[in-house]
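Here are the chains, one letter per residue:
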Amino acid sequence: MKWKDFLRDRLASLLLWGIFIIALEVMLMAVSQPFLQIYIGVGIPLGFLVDLCLEFHKKKKFYDRIEKQAEEMEQAYLLPEVMEDADFLEGNYLIQFLKVMEHSMAEEVKRYRKDHEEYKDYIEMWIHEVKHPIAVGKMIAENHRSEAMESMEEELQKIEDYTEQALYYARSYNVEKDYLIKEVPLQNVVAEVLKKNKKTLITEKIKIEMENLETTVYTDNKWMEFVVNQVVGNSIKYRSETPYILFSAVRKKEQVIFSVKDNGIGISESEIKRVFEKGFTGSNGRGKQKSTGIGLYLCQKLCRRLGHNILLFSREGEGTEVRIIFPVGSYYNER
Amino acid sequence: MKRILIVEDDEKLKKELAYFLCHNGYETKELEKYDTPVEDILHCGCDLVLLDINLPVVDGQYICKEVRKQSDIPIIMVTSRNSDLDQLISMNYGADDYVEKPFHPQILLARIAAILRRVNKGKESPEIIECGGWQLDVAKRMARNQGMEIELTKNEWNIVFFLAKQKGTLVTRDALMSYLWDSEMFVDDNTLTVNVTRIRSKLESIGIKNVIRTRRGQGYVMEDKEKE
């Protein structure tokens with residue numbers, strides 16, 4: 001709270017008093033009453049000023065404290081909980097109302113949070129349930145090999161992929177930590193993803209190259225597999241005539257850069273900035289290949305939660321490269 | 001023949017799993033009741049247990065822990081829960097491996113084979129595959145013919161091994177590649193051709209000729225009998 005603002009707030013009352021005193025002074029001058037003249041001209045303004053100072057001090061103390069608390073608190077909406085009583089009337093009224101407001105809001109937030117948690121739990125449970133029939137379906141397809149079953153298996157694989165996406169979507173919103181960071185060779189992650197996609201990769205004759213994948217990073221295995229699977233899925237979807245995918249890793253002083261590079265159809269310059277947006281389907285995604293606009297969005301979200309960075313470079317007609325950057329902390333190096 | 005005990009409460013999956021494993025050279029036994037699973041597993045006389053985590057009466061992880069206290073029988077946990085933490089718990093309870101639903105049947109098969117191989121290491125004499133006049137030494141990854149030996153690289157070995165297991169029948173390029181990929185060798189078409197050529201010349205150098213035949217556009221056949 002500043003003097004200037006405080007005074008401006010009191011401007012009307014100050015002016016009114018000013019005019020009143022000057023008028024009195026003029027009248028007193030006419031009846032020549034020097035003593036009263038001094039009393040009114042000096043005493044009253046002085047008293048007024050002292051009163052003003054006291055009020056300003058009181059309010060300044062109160063509001064400054066709130067301001068400081070608001071800055072320090074992470075959840076500013078809990079402010080009324082920590083406010084101390086004011087030593088003036090309106091301040092106490094204010095606190096009272098704020099407390100009522102805060103309570104009702106806390107209730108509301110709690111209700112939404114609970115709903116959200118329940119919904120998330122339901123989704124996770126549902127996903128685990130649905131995996132069972134998928135497993136049975138795959139088993140049946142394997143046991144009764146035929147052309148129809150092969151095609152059925154492909155569809156089952158798609159269902160599985162979408163299910164997986166839903167699971168990680170639910171998890172990406174989770175507040176608590178449900179991942180496990182450990183040292184993982186990138187090779188393992190890539191191998192799992194390639195095995196998962198081997199059918200398409202082999203039949204579509206997509207060439208696979210790997211460089212330096214013995215490099216290890218600190219990450220959650222499952223989450224990383226999911227992320228790389230999304231990226232590889234895109235490389236497969238938007239492949240060119242003679243497709244290849246190159247997986248490579250570079251260890252720098254402070255980071256490991258893992259790159260997945262393809263020679264696919266690429267992304268136009270105008271769209272490249274938006275690829276990580278939720279629900280964004282570029283002209284590629286709206287074309288003959290269907291896209292949900294969730295894949296890369298989720299990748300970025302999961303990477304951020306794990307403390308990795310994900311970048312995408314692309315040129316239309318030349319290919320796309322996705323880089324995942326794993327910071328290497330000195331903590332790990334010292335071990 | 002190795003016997004596998006299937007502990008799975010879903011009838012349909014149990015049936016399909018049994019069918020699948022039977023057709024891939026295993027004998028299977030299924031658990032019908034789940035009131036005393038630990039005792040049933042301990043007294044089943046099987047070589048490996050496929051254990052589902054979500055079971056009606058007792059939790060699979062608990063069963064695993066209890067069984068492990070008394071027996072070293074290999075256990076593969078099957079689960080639809082998918083997180084590193086679950087995996088960690090299962091492994092800590094003494095499971096030998098862990099597969100997630102929906103698993104790929106062939107990968108399940110590969111894992112079963114791997115565990116059985118590991119368990120039986122040392123117990124059985126090193127396996128030799130007889131290929132009609134010449135042999136494959138599984139332990140040493142070598143081809144042998146009349147006292148001559150040649151070492152094969154990992155890639156080459158896997159190709160020869162897969163062909164030899166199905167000798168006399170056509171193995172499609174896709175099936176062969178799919179097998180190699182499962183063993184984490186992500187070869188492409190050209191690499192496969194190059195590898196097969198190299199294998200041929202290696203085998204020829206120890207006097208094994210014309211055993212791998214190419215069927216144009218289809219795949220390879222390993223001859224059942226050596227034809228000179």
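Residues numbered from 1 in each chain as written. Chains lettered and ligands numbered in written order. Predicted model: local features only at pLDDT ≥ 70, side-chain atom pairs only at ≥ 80, totals over all residues. Heavy atoms only, no water.

Engineer: Explanation requested: the overall build of chain B in the structure shown.
Structural biologist: When you go through chain B residue by residue, the secondary structure sums to eight helices and twelve strands. Summarising the internal contacts of chain B: among those between residues at least 6 apart in sequence, 55% fall at separations of at least 24. Taken as two groups, the 33 positive and 38 negative side-chain charges of chain B have centres that lie 5 Å from each other. (Helix = DSSP H or I, 4+ residues; strand = E, 2+ residues; numbered from the N terminus. Contact = heavy atoms within 4.5 Å. Lys, Arg positive; Asp, Glu negative; His and termini not counted. Charge placed at Lys NZ, Arg CZ, Asp CG, Glu CD.)

Engineer: What is the right way to read the packing of helix α5 (residues 89–143) of chain A against helix α6 (residues 147–172) of chain A from this model?
Structural biologist: A pair of packed helices is captured by two measures, namely the crossing angle of their axes and the spacing between those axes. All names here are of chain A. In the contact formed by α5 and α6, the axes pass within 10 Å of each other and the chain directions differ by 165°. With respect to their mutual orientation, α5 and α6 come out roughly antiparallel. Here α5 and α6 pass one another in a crossing that is left-handed. When grouped by side-chain class, the residues that make up the contact of α5 with α6 number twelve nonpolar, four polar and nine charged. (Axes fitted to C-alpha atoms, helices over the stretch in contact; angles between N-to-C directions. Parallel < 35°, antiparallel > 145°, perpendicular 65-115°, else oblique. Left-handed = near helix turned anticlockwise from the far one by under 90°. Nonpolar A, V, L, I, M, F, W, Y, C, P; charged D, E, K, R; others polar.)

Engineer: Looking at this model, I keep getting lost on the interface of chain A and chain B. Mind explaining?
Structural biologist: Many authors give the size of an interface as the accessible area that is lost as the parts come together. Contact residues are listed per partner, giving 35 residues for chain A and 33 residues for chain B. Together chain A and chain B conceal approximately 3300 Å² of surface at their shared face, both sides included; 60% is due to carbon and sulfur atoms. It is M139, K198 and I202 of chain A that lose the most area in chain A upon contact with chain B, and together they represent 20% of the buried surface on that side. At the boundary of chain A and chain B, one finds five salt bridges. Close ionic contact of E100 of chain B with K222 of chain A constitutes a salt bridge, the shortest N to O distance being 2.9 Å. Joining chain A to chain B, the criterion identifies nine residue pairs in polar contact (both at pLDDT 80 or more). Of the residues belonging to the side of chain A that touches chain B, the class tally is 14 nonpolar, six polar and 15 charged. (Buried area = accessible area lost by both parts, 1.4 Å probe. Salt bridge = Lys/Arg side-chain N within 4 Å of Asp/Glu carboxyl O. Polar contact = N/O pair within 3.5 Å; in protein donor to acceptor, adjacent residues only side chain to side chain.)

Engineer: Got a minute to help me understand the side chain of S172 of chain A in this structure?
Structural biologist: Tracing the backbone shows S172 of chain A in helix α6. S172 of chain A has contacts with L298, K301, L302 and R305 of chain A, leaving out every residue within four places of it along the chain.

Engineer: What should I look at first to understand the sheet that holds strand β12 (residues 219–222) of chain B in this one?
Structural biologist: Across a sheet, paired strands are connected by hydrogen bonds in the backbone, their directions being either parallel or antiparallel. Residues and elements named next belong to chain B. One open sheet holds the three strands; their spatial order is β10-β12-β11, and the pairing between them is antiparallel. Of all the strands in the sheet, just β10 (170–172) and β11 (212–215) have a single pairing partner and so form its edges. Direction aside, the axes of adjacent strands within the sheet are offset by 30° on average. Each of β10, β11 and β12 touches helix α6 (residues 154–165); the most contacted strand, β12, lies at about 65° to it. In the packing of helix α7 (residues 173–182) onto the sheet, the strands contacted are β10 and β12, and the crossing angle to β10 comes to about 65°. (Pairing = 2+ DSSP bridges.)

Engineer: What is the right way to look at the sheet that holds strand β5 (residues 255–262) of chain A in this model?
Structural biologist: Residue and element names in this part refer to chain A. Reading across the sheet, the five strands line up as β2-β4-β5-β7-β6 and stay open at both edges, with mixed pairing between neighbours. Two strands bound the open sheet, and with one partner strand each, they are β2 (207–211) and β6 (309–315). Pairs of neighbouring strands in the sheet enclose a mean axial angle of 15°, with direction left out of account. Here seven bridges tie β6 to strand β7 (residues 319–327), and the two strands are oriented antiparallel to one another. Looking at β7, one finds that S314 is bridged to T320.

Engineer: Just to check I follow, could you spell out the nonpolar core for this structure?
Structural biologist: The nonpolar side chains of a soluble globular protein tend to be buried, and buried together. I208, F247 and F258 of chain A together with W134, L136 and I212 of chain B are the most contacted members of the largest nonpolar core, which has 81 residues in total. The greatest single-element share of this core, amounting to eight residues, is contributed by helix α9 (residues 221–237) of chain A. Beyond its immediate chain neighbours, meaning those up to four positions away, F247 of chain A contacts V190, L194, I208, E209, M210, E211, L213, V228, V232, F258, S259 and V260 of chain A. (Core = buried A, V, L, I, M, F, W, Y, C linked by side-chain atoms within 4.5 Å. Buried < 20%, exposed > 50% of the residue type's maximum accessible area, 1.4 Å probe, protein only.)

Engineer: How do you make sense of the packing of aromatic side chains when you look at a structure like this?
Structural biologist: Each aromatic ring pair is summarised here by two numbers: the centre-to-centre distance and the angle between the ring planes. This model, assessed by the stated rule, comprises 16 aromatic pairs over all chains. For the ring pair F162 of chain B and Y179 of chain B, a centre distance of 4.2 Å and an interplane angle of 15° mean the geometry is stacked. In this pair, F162 of chain B is assigned in helix α6 and Y179 of chain B in helix α7, connecting sequence segments 17 residues apart. In this structure F162 of chain B comes out as buried when scored by relative accessible area, which is 12%. An aromatic cluster of at least three residues, connected via ring pairs, comprises Y168, Y179, W223 and F226 of chain A. Directly above the ring of Y112 of chain A sits R111 of chain A, whose terminal nitrogen or CZ lies 5.2 Å from the centroid. Over the face of the ring belonging to Y168 of chain A we find R171 of chain A, whose NZ or CZ atom lies 5.5 Å from the ring centre. (Phe/Tyr/Trp six-rings, centres within 6.5 Å; stacked < 30°, edge-to-face > 60°. Lys NZ or Arg CZ within 6 Å of the ring centre and 35° of its normal.)

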